[in-house]
Amino acid sequence: MMQRRVWVLSGKANWCKQSAHYLLSTHDPNTIAWIPDQKAQTVLGLTLDALVFDAHQGLDSNALALSVGAIRGGGVLLLLTPPLSTWANFPDPDYQRFIPYLFENNPLTGRFIQRFVKYWQACPMVNWLNESASIPKPLKPAPILNHDWQWTHEQVQVLKLLQNYQGISLLLADRGRGKSTLLGAFAAQLSLQGLKVCITAPRKSAIQALEKEYYKTHTKPLNFLAPDELLQLLPELDVLIVDEAASIPLPLLMQMQAQYSRVIYSTTVQGYEGSGRGFILKFRKVLELQKNNLQVLTLNQPVRWDSDDSLEQLLKDSLLLGQSIATIPSTSHDLSTDIYYQLISQGELLSNELLLQKVFLLLVNAHYQTRPSDLRQLLDAPNISIHILEQDSEVIAVALLSREGGFDAEMTRLVFEGKRRPQGHLLPQTLTWHSKIPYAGELVCERVMRIAVLDDYQGQGLGKLLINYLISYSKQQRVDYIGVSYASTPELIRFWEKLGFQLMRKGFKRDRASGTYAAVQVLKLSERAFSLLPEKAVEGSTA
């Protein structure tokens, strides 16, 4: 197999696009994808000779990481960017995804882009081209080394283990490891043996590669059911295969294993599809507690590109996709040693790579929905503040606060009437629209957006300690209240109540990610908050 190639074309949008067309003029157009003109999800299951990613239309890091996985060994990525000298200050359309209302005019320093460019410039395998350089000859397509699919030794071994195991299996792999191909072949084998098999996944499009392999040896229609439909119908099955399990709410996954004795949970472990290491750690613990017959299988060897592929490593470094980005401390976890609280700036994270890695890895491990785009928000969002606890120079807890609210009377009225939904103001909008509190949008708050404590330090009061620091910070900022919105459990509600937070709203629709009901709790800090916010929780929603 061959290394994948990378070219960065930096300049005006039209020049970059024309140059890309010229460089790929000898390629078959059917083997090229243009992102974001084509959605990144459309290349899932495809094998591409070339991918053109146009960052002039926004550097969507989730789409970049997702789509690059379709490039085969020897293929090429063309990244089209604004001039490098001005890219950090470029009005990137991707900012619209997370810049909140009232913060649109704040100056953006492009810290994420600065860091991204630094990593790509340091990579020797990246070829650079700008408008002042002469255009080279068109790039030659990579030769097709072998038209027949070659199973790796690792795939063969994992397939044998799946065939011979009657309990619960957890199959983990990064993109490009042949996981879907393996599952398609396994499903076909089971069906040919006369066993009743069903595939479930968060969406039908996610199993395209699995279907392709299945129909190579089988003509009987593949039995697919969406997760909610599966649990409603509860068909009689010998084997249930759950693909991209980390994108399915944990309570639904646990219902599946309660209903079926032989389940294969399979998922990617990188976070750009909303799944990742944090989910895997928690899900594996739950399975181990509930089932003794669990086997955990991994696929490590790429099947589309070299095992030492430079592009894969470049993406892991520049988007922090690696599983072991920073070293988790292996100290004694003795809390008798002094613990220090720090408010750290986004500039400090940019200038201190190790600190950034520790903070982001902790968030990834604690929140299974963390994606590469969250790294950009961490570095660039103008309304967040970053708070950490340290022991012996190690980050053992982190929290993010989001400044929200402060609408004028007219915007508050429009939100109350359901005519506007200002971006980035979860709590004010929830209290104003869903809970129908007339002037809640005028209040300013700090929302606890994320909070995480290292696993080995949990249960020792560090979460409570950090929240008390967040309360003190919020008082210093003279906001009206500090609040939190989360997927509720009785234990979590009691936890926040003990800290003085009042239950303000209980939802009646299950949260898609957690399968539980949303709750909002607030701690009032100003006289205005005490006068405008009710004392009793509002049940459900008028929406």
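Everything below is about the structure printed above this text.
Everything in this summary refers to the structure shown in the same document. Fair warning: this is a prediction, and the values are worked out from it, not measured in the lab.

What counts and how
- Residues numbered from 1 in each chain as written.
- Predicted model: local features only at pLDDT ≥ 70, side-chain atom pairs only at ≥ 80, totals over all residues.
- Heavy atoms only, no water.
- Axes fitted to C-alpha atoms, helices over the stretch in contact; angles between N-to-C directions.
- Helix = DSSP H or I, 4+ residues; strand = E, 2+ residues; numbered from the N terminus.
- Parallel < 35°, antiparallel > 145°, perpendicular 65-115°, else oblique.
- Left-handed = near helix turned anticlockwise from the far one by under 90°.
- Contact = heavy atoms within 4.5 Å.
- Buried < 20%, exposed > 50% of the residue type's maximum accessible area, 1.4 Å probe, protein only.
- Polar contact = N/O pair within 3.5 Å; in protein donor to acceptor, adjacent residues only side chain to side chain.
- Pairing = 2+ DSSP bridges.
- Core = buried A, V, L, I, M, F, W, Y, C linked by side-chain atoms within 4.5 Å.
- Arc of directions from axis to C-beta.
- Phe/Tyr/Trp six-rings, centres within 6.5 Å; stacked < 30°, edge-to-face > 60°.
- Lys NZ or Arg CZ within 6 Å of the ring centre and 35° of its normal.
- Salt bridge = Lys/Arg side-chain N within 4 Å of Asp/Glu carboxyl O.

## A closer look at the packing of helix H2 (residues 61-68) against helix H10 (residues 310-319)
Taken N-terminus to C-terminus, the directions of H2 and H10 make an angle of 160 degrees; their axes are 11 Å apart at the nearest point. One finds that H2 runs roughly antiparallel with respect to H10. The handedness of the crossing between H2 and H10 is left-handed. Residue-level contacts link Ser61, Leu64, Ala65 and Val68 of H2 to Leu311, Leu315 and Leu319 of H10.

## Quick notes on the side chain of serine 318
As for its placement among the helices and strands, serine 318 is situated in helix H10. Given the relative accessible area of 1%, serine 318 is considered buried. A polar side-chain atom of serine 318 sits 2.8 Å from the main-chain carbonyl oxygen of leucine 314. Filtering out sequence-adjacent residues up to four positions away, serine 318 remains in contact with Arg115, Phe116, Tyr119, Trp120 and Leu375.

## Some points on the pairing of strand E6 (residues 168-173)
Each regular strand displays side chains that alternate between the two surfaces of the sheet. Of all 6 residues in E6, 6 are buried, a share of seventy percent or more. Along E6, one buried face is formed by Ile168, Leu170 and Leu172 and the opposite face, lined by Ser169, Leu171 and Ala173, is buried too. The pairing of E6 with strand E9 (residues 263-268) spans 6 bridges and is parallel. The residue bridging leucine 172 from the neighbouring strand is threonine 267, located in E9.

## Quick look at the sheet that holds strand E5 (residues 126-130)
On the basis of which strands lie adjacent, the open sheet formed by 5 strands has the order E2-E3-E4-E1-E5 and parallel pairing. Looking along the sheet, the strands with just one partner apiece sit at the ends: strand E2 (32-35) and E5. Each adjacent strand pair in this sheet contributes to an overall mean axis angle of 15 degrees, direction not counted. Packing against the sheet, helix H1 (residues 13-23) makes contact with strand E1 (5-10), E2, strand E3 (48-54), strand E4 (71-81) and E5, and its axis sits at approximately 145 degrees to E1.

## Describing H2
With 8 of 8 residues buried, H2 lies mostly within the body of the structure. Turning to H2, its buried residues are Ser61, Asn62, Ala63, Leu64, Ala65, Leu66, Ser67 and Val68. Against E2, E3, E4, helix H3 (111-122), H10 and helix H13 (372-380) lie the buried residues of H2. If you check the start of H2, you find a side-chain oxygen 3.1 Å away from the backbone N of asparagine 62, and it comes from aspartate 60.

## A look at the nonpolar core
Counting residues in hydrophobic clusters, the biggest one holds 87 residues, and the most contacted among them are Leu59, Leu77, Trp120, Leu311, Leu349, Val359 and Leu378. When residues no more than four places from it in sequence are discounted, the contact partners of leucine 378 are Gln346, Leu349, Leu356, Val359, Phe360, Ile384, Ile386 and Leu400.

## Some thoughts on helix H8 (residues 250-259)
Every buried residue belonging to H8 is among Leu253, Met254, Met256 and Gln257, and all of these are buried. Buried residues of H8 fall within an arc of 150 degrees about the axis and therefore sit on the same side.

## Quick notes on the packing of aromatic side chains
Applying the stated criterion to the full structure yields 10 aromatic pairs. Relative to tyrosine 469, the ring of tyrosine 341 lies with its centre 4.3 Å away and its plane at 5 degrees, an arrangement referred to as stacked. Of the two residues, tyrosine 341 sits in strand E11 (residues 340-344) while tyrosine 469 sits in helix H16 (residues 462-476), which places them 128 residues apart along the sequence. Between tryptophan 496 and phenylalanine 501, the ring centres sit 4.9 Å apart and the planes meet at 70 degrees, which makes this aromatic pair edge-to-face. Both residues of the pair, tryptophan 496 and phenylalanine 501, belong to the buried class. Taken together through their ring pairs, the aromatic side chains of Trp87, Phe112, Phe116 and Trp120 make up a single cluster. The residue whose ring lies beneath arginine 4 is tryptophan 305, and the NZ or CZ to ring-centre distance is 3.7 Å. Above the ring of tyrosine 95, the side-chain terminus of arginine 376 is found at 4.5 Å from the ring centroid.

## Quick look at the sheet that holds strand E10 (residues 294-299)
Read from one edge to the other, the open sheet built from 5 strands follows the order E7-E8-E9-E6-E10, with strand pairing classed as parallel. Taken across any chain shown, the strands that pair with only one partner, and hence form the sheet edges, are strand E7 (197-200) and E10. Neighbouring strand axes in the sheet, compared pairwise and without regard to direction, differ in orientation by 15 degrees on average. The pairing of E6 with E10 spans 6 bridges and is parallel. Counterpart to leucine 170 in the pairing with E10 is valine 296. Across the sheet, H8 touches E6, E7, strand E8 (239-242) and E9, and the angle it forms with E9 is around 155 degrees.

## Details of the pattern of salt bridges
Taken as a whole, this structure holds 24 salt bridges when the rule is applied. With its nearest N and O atoms 3.1 Å apart, the salt bridge here joins glutamate 213 to lysine 216. Of this pair, glutamate 213 and lysine 216 both sit in helix H6 (residues 208-217), 3 residues apart, which is roughly one turn of that helix. Look at glutamate 213 and you get buried, because its relative accessible area is 11%. Here glutamate 410 makes a salt bridge to arginine 413, at a shortest N to O gap of 2.6 Å. Of this pair, glutamate 410 and arginine 413 both sit in helix H14 (residues 409-416), separated by 3 residues, roughly a single helical turn. Overall, arginine 413 belongs to the partly exposed group, its relative accessible area being 35%.

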